[in-house]
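# Inside the fold
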Amino acid sequence: MTLRDLLSGGNIVKQPTSKAEIQDLLRVAARSLKDARIERLSPEGRFSLGYDGILQLATIVLRCSGYRTRGEGHHWAVFDVLPELMDVDVTQLAAYFQSCRSKRSSAMYHRYSVVTKAEVVELLNSAYEFERLVRDWLKRLQPQYS
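Residues numbered from 1 in each chain as written. Predicted model: local features only at pLDDT ≥ 70, side-chain atom pairs only at ≥ 80, totals over all residues. Heavy atoms only, no water.

Let us look at the environment of Arg68. Residue placement: Arg68 occurs in strand β2 (residues 67-69). Note on Arg68: relative accessible area 28%, which makes it partly exposed. Residues Arg68 and Leu133, 65 residues apart in the sequence, show an inter-C-alpha distance of 20 Å. Not counting residues within four places of it along the chain, the set of residues in contact with Arg68 comprises Asn11, Ile12, Val13, Gln15, Leu62 and Arg63. Within the structure, the side chain of Arg68 is placed 3.3 Å from the side chain of Gln15, a separation counted as a polar contact. (Helix = DSSP H or I, 4+ residues; strand = E, 2+ residues; numbered from the N terminus. Buried < 20%, exposed > 50% of the residue type's maximum accessible area, 1.4 Å probe, protein only. Contact = heavy atoms within 4.5 Å. Polar contact = N/O pair within 3.5 Å; in protein donor to acceptor, adjacent residues only side chain to side chain.)

What follows concerns the side chain of Gln98. Its location among the elements puts Gln98 in helix α5 (residues 91-110). Look at Gln98 and you get buried, because its relative accessible area is 14%. Of the polar contacts made by the side chain of Gln98, one reaches the backbone oxygen of Trp76; its length is 2.9 Å. Residues in contact with Gln98, not counting those within four places in the same chain, are Trp76, Phe79 and Asp80.

Working note: a packed helix pair is described by the angle between its axes plus the distance between those axes. At their nearest, the axes of helix α3 (residues 43-64) and helix α4 (residues 74-85) sit 9 Å apart, and the two run at 55° to each other. Relative to α4, α3 is oriented oblique. Our pair here, α3 against α4, has a crossing hand that is left-handed. Contact with α3, carried on its side by Tyr51, Ile54, Leu55, Ala58, Thr59, Val61 and Leu62, involves His75, Val78, Phe79, Val81, Leu82 and Leu85 of α4 and no other residues of that element. Split into classes, the residues belonging to the contact of α3 with α4 amount to 11 nonpolar, two polar and no charged. (Axes fitted to C-alpha atoms, helices over the stretch in contact; angles between N-to-C directions. Parallel < 35°, antiparallel > 145°, perpendicular 65-115°, else oblique. Left-handed = near helix turned anticlockwise from the far one by under 90°. Nonpolar A, V, L, I, M, F, W, Y, C, P; charged D, E, K, R; others polar.)

Turning our attention to the packing of aromatic side chains. A complete count under the given rule lists four aromatic pairs for this structure. Between Phe79 and Phe97, the ring centres sit 5.6 Å apart and the planes meet at 50°, which makes this aromatic pair tilted. Highlighted residues: Phe79 in helix α4 and Phe97 in helix α5, separated in sequence by 18 residues. Across this residue pair, the class does not change: Phe79 and Phe97 are buried. One aromatic cluster in this structure is built from Tyr51, Phe79, Tyr96, Phe97 and Phe130. (Phe/Tyr/Trp six-rings, centres within 6.5 Å; stacked < 30°, edge-to-face > 60°.)

This paragraph deals with the nonpolar core. Grouped together as the largest cluster of nonpolar side chains are 45 residues, with contacts concentrated most on Ile60, Met86, Phe130 and Leu138. For this core, the secondary-structure elements that each account for two or more residues are α1 (3-9), α2 (19-36), α3, α4, α5 and α6 (117-141). Per-element tally for this core: the top contributor is α3, with 10 residues. Apart from residues no more than four positions distant in its own chain, Phe130 is found in contact with Ile54, Leu57, Ala58, Leu82, Met86, Leu93 and Phe97. (Core = buried A, V, L, I, M, F, W, Y, C linked by side-chain atoms within 4.5 Å.)

Assignment of secondary structure puts Leu26 in helix α2. The spatial distance from the C-alpha of Leu26 to the C-alpha of Leu57 is 6.9 Å, given a sequence separation of 31 residues. Contacts of Leu26, omitting those with residues within four sequence positions, involve Leu57, Ile60, Arg135 and Leu138.

With that settled, the discussion passes to the pattern of salt bridges. The full count for this structure, using the stated rule, is five salt bridges. With its nearest N and O atoms 3.5 Å apart, the salt bridge here joins Arg135 to Glu131. One end of the pair, Arg135, and the other, Glu131, are both in helix α6, four residues apart, so they sit about a helical turn from each other. Residue Glu131 is classed as buried on the basis of its relative accessible area, which comes to 15%. Where salt bridges share partners, they join Asp87, Asp136 and Arg140 into one cluster. (Salt bridge = Lys/Arg side-chain N within 4 Å of Asp/Glu carboxyl O.)

Structure representation (structure tokens):
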């Protein structure tokens, strides 16, 4: 769906942000990604922490663009509009993050042992790439928040 579709459906609404909010989101993302590197945690736990870091980073893009999610499906909506809000092509990353959203849901709520160590490594590599893209995007296009 497009940003316009999500706005008209009420999944996303306009709302300004603040530097304090963005700085908090950056700190939460960094903490989650750091904790996801703890190898003695279960693969599901590490995957969930890495996913949470990615979600916070994607939320930064949404919030800096003057929007927030509303209601159910907010993880899905954040990743769905991500390519439209960034000035670099993150289409493949956003699609990958959507698949991670589904896997995380299964791992956290429905099944045991659904995440492999290799999947954790792949997620964390994508997370660090995305973190670099978001921080660069902030510096270039949203310097008032960085």
